Amino acid sequence: MPALTSRAFRGIAAATPKDAPMTEIADPRDRLIVALDLPSVQAAEALIDRIGDAATFYKIGYQLGYAGGLALAERLAARGLKVFLDLKLHDIGNTVEEGVRSASGSGATFLTVHAYPQTMRAAVRGRGAGLKILAVTVLTSYDDADAAEAGYGLPVAELVAKRAAQAAEIGIDGLVCSAAEAGSVRRIVGPDRLIVTPGIRPAGTEAGDQKRVMTPGDARKVGIDHVVVGRPITGAADPRAVAQAIVTELA
Ligand SMILES: O=C(O)c1cc(=O)[nH]c(=O)n1[C@@H]1O[C@H](COP(=O)(O)O)[C@@H](O)[C@H]1O
């Protein structure tokens, strides 16, 4: 995979509004969500120790969740760290509603569902106090060709916009999209819903399987609330330093 450079982002950055407002967040570290995409709880705890107080917010997804990570989520929340449970639920309404209800007792701050109207309505019905539901619009590993291959008749930007409008109408708390769509999503959903953007790559780092990417500094300018960063931190020789640099870029 080619390394990404500032030049690679120039087109995207030029197309976005300058210094769009971000939601007020008291601690700038809360803007960075570190994706704990690791094979074991032991590996995750070792990374959290190395990062120390440079990060306050961690995401637990499939890889760690199916390897004991759900219990870890409860322990991290009990320690005062913020937890994003990235379960990306999508099923019949009853199953989603009851799954969200179960997750509401975990102490997590965020939980993801896919942005299908039936799924989002069910998630809102099951949502307990303190848990915010994020709807994943179109995965950041998709481009227009991938959307067409999956059977969608809209380009990614239009599909994201359509799903963002549906999510806002249903009462979802926040959207997951790429930073490239954050400006248009903000105009659709208004100031009160969260915009959370994966596909974030510090300049010079590998995109890997991500297709809609942006640097933390450019993402800051388009009004995101939180960024999600995995491999650039989990694979770094000094994960604490990378986390600190990203928080500085976002501040
Ligand atoms: O819901 C997510 O967090 C998510 C949505 C999306 O569209 N794209 C995306 O990459 N993610 C997650 O964000 C993280 C990105 O990881 P890196 O590509 O390693 O930075 C992974 O844990 C993905 O599962």
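Residue positions are counted from 1 within each chain, in the order its sequence is given. Given that the model is predicted, a residue must reach a pLDDT of at least 70 before its local features are reported, and side-chain atom pairs must reach 80 or more before they are shown or counted; all residues, however, enter totals for whole chains, interfaces and linings. In computing side-chain properties, one takes all heavy atoms of the structure into account and sets aside hydrogens as well as water.

- Identification of the protein chain as Orotidine 5'-phosphate decarboxylase from Methylobacterium oryzae CBMB20 is taken from an unreviewed UniProt entry.
- UniProt positions are given in the numbering used here, feature names are shortened, and annotations may be inferred rather than shown by experiment. According to its UniProt record, the protein chain has this under Function (unreviewed entry): "Catalyzes the decarboxylation of orotidine 5'-monophosphate (OMP) to uridine 5'-monophosphate (UMP)."
- If you open the UniProt record of the protein chain and go to Catalytic activity (unreviewed entry), you find "orotidine 5'-phosphate + H(+) = UMP + CO2".

## Focus on the UniProt feature "domain: Orotidine 5'-phosphate decarboxylase" (unreviewed entry) in the protein chain
Okay, so step 1: Mapped onto the present numbering, the UniProt feature "domain: Orotidine 5'-phosphate decarboxylase" (unreviewed entry) falls on residues 31-246.
Okay, so step 2: Runs of E in the DSSP output that reach at least two residues are strands. Runs of H or I that reach at least four are helices, and both are numbered from the N terminus. Strand forms 17% of residues 31-246 and helix 44%; the C-alpha atoms that close the span are 9 Å apart.

## Re unusual backbone geometry
Okay, so step 1: The phi torsion at Lys 88 lies on the positive side, around 40°, for a residue other than glycine.
Okay, so step 2: For Lys 88, the position within the fold is in strand β3 (residues 82-89).
Okay, so step 3: Classification of residues uses two cut-offs on accessible area relative to the type maximum, computed with a 1.4 Å probe and protein chains only: under 20% is buried, over 50% is exposed, and between them is partly exposed. Residue classification places Lys 88 among the partly exposed residues on the basis of a relative accessible area of 21%.

## Considering the UniProt feature "active site" (unreviewed entry) in the protein chain
Okay, so step 1: UniProt records the feature "active site" (unreviewed entry) for Asp 86, Lys 88 and Asp 91 in the present numbering. Within the annotated group, the residues that form the lining of the largest pocket are Asp 86 and Lys 88.
Okay, so step 2: Summarising the element assignment, Asp 86 is placed in strand β3.
Okay, so step 3: The exposure class of Asp 86 is buried, given its relative accessible area of 5%.
Okay, so step 4: Once residues lying within four places of it in the same chain are set aside, the contact partners of Asp 86 are Lys 59, Ile 60, Gly 61, Tyr 62 and Thr 112.
Okay, so step 5: For this analysis, a polar contact is any N or O atom pair within 3.5 Å, provided that within protein one partner can donate a hydrogen and the other can accept it, and provided that sequence-adjacent residues contribute only side-chain to side-chain pairs. Of note is the side chain of Asp 86, whose polar atom sits 2.5 Å from the side chain of Lys 59.
Okay, so step 6: Looking at the secondary structure, you find Asp 91 in the loop between β3 and α4 (93-103).
Okay, so step 7: Residue class for Asp 91 comes out partly exposed when judged on its relative accessible area of 42%. Grid spacing is 1 Å over the protein atoms alone, the probe is 1.4 Å, and a cavity is where that probe fits but cannot get out, while a pocket is an open set with protein on both sides within 12 Å along at least five of seven lines and lining residues have an atom within 4 Å of a point. Two residues qualify as a contact provided that any one of their heavy atoms is within 4.5 Å of a heavy atom in the partner residue.

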